[in-house]
Amino acid sequence: QVQLVESGGASVQVGGSLRLSCAASGSISRINVMGWYRQPPGKQREAVAVSTTGVSTNYADSVKGRFTISRDNANHTIYLQMNSLKPEDTAVYYCYARILRVGVWYDYWGQGTQVTVSS
């Protein structure tokens, strides 16, 4: 079994910073994609930043220049550094990973962590 465990969500003021962490554990052969999605209140889930191993990282236009992904591939961990936070960044943030297990690719999601930005 594989688990994604997130941490780092909190309530912050406008202009503040947060760092989210997500660690994948379990029977993992390889991770192809790791990233972050978010679901604002009353809205659909959207991609924030997605990293394809050894290829590229793509950011939503709304977070470019403010958010940065980093990965610790040896420990199957991904981080999301969020700076200059805005009220519209308020959402539940979900970690995502596409993981190879016993020759099959699976999609996994974390349980979500709340980020609230207030003025």
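Residues numbered from 1 in each chain as written. Predicted model: local features only at pLDDT ≥ 70, side-chain atom pairs only at ≥ 80, totals over all residues. Heavy atoms only, no water.

Here we look at the sheet that holds strand S3 (residues 18–26)
Argument step 1. Read across the open sheet, the four strands follow the order S1-S3-S8-S7; overall the sheet is antiparallel. Of all strands in the sheet, those with a lone pairing partner are strand S1 (2–7) and strand S7 (67–72), marking the two edges. Averaged over all pairs of adjacent strands, the angle between strand axes in this sheet comes to 15°, irrespective of strand direction.
Argument step 2. Sheet topology places S3 next to strand S8 (residues 77–82); six bridges connect them, and they run antiparallel. Its bridge partner being in S8, Cys22 is matched across the sheet by Ile78. (Pairing = 2+ DSSP bridges. Helix = DSSP H or I, 4+ residues; strand = E, 2+ residues; numbered from the N terminus. Axes fitted to C-alpha atoms, helices over the stretch in contact; angles between N-to-C directions.)

A few points about the pairing of strand S9 (residues 91–101)
Argument step 1. Of all the eleven residues making up S9, nine are buried; the element is thus mostly covered by neighbouring parts of the structure.
Argument step 2. Here strand S4 (residues 30–39) pairs with S9 via nine bridges, running antiparallel. Paired with Gln39 across the strands is Val92, a residue of S9.
Argument step 3. Pairing of S9 with strand S11 (residues 113–118) involves three bridges; the strand directions are antiparallel. By the bridge assignment for S11, Ala91 is matched with Val115.
Argument step 4. By the bridge criterion, six bridges tie S9 to strand S10 (residues 104–109) in an arrangement that is antiparallel. Within the sheet, the bridge partner assigned to Leu100 lies in S10 and is Trp105.
Argument step 5. Remark: two residues form the turn of the hairpin made by S9 and S10, two consecutive strands paired antiparallel; Val102 in that turn has positive phi of roughly 50°. (Buried < 20%, exposed > 50% of the residue type's maximum accessible area, 1.4 Å probe, protein only.)

Comments concerning the nonpolar core
Argument step 1. Formed by 28 residues in total, the largest nonpolar core has its most connected members in Trp36, Leu80, Met82, Tyr93 and Ile99.
Argument step 2. Put simply, the parts of the chain that give this core at least two residues each are S1, S3, S4, strand S5 (46–52), S7, S8, S9 and S11.
Argument step 3. Looking at this core, the element that brings in the most residues is S9, giving five residues.
Argument step 4. Not counting chain neighbours up to four residues away, the residues in contact with Tyr93 comprise Glu6, Leu20, Trp36, Tyr37, Arg38, Val48, Phe67, Leu80, Met82, Gly112, Thr113 and Val115. (Core = buried A, V, L, I, M, F, W, Y, C linked by side-chain atoms within 4.5 Å. Contact = heavy atoms within 4.5 Å.)

By themselves, these are just geometric observations and shouldn't be taken as functional.
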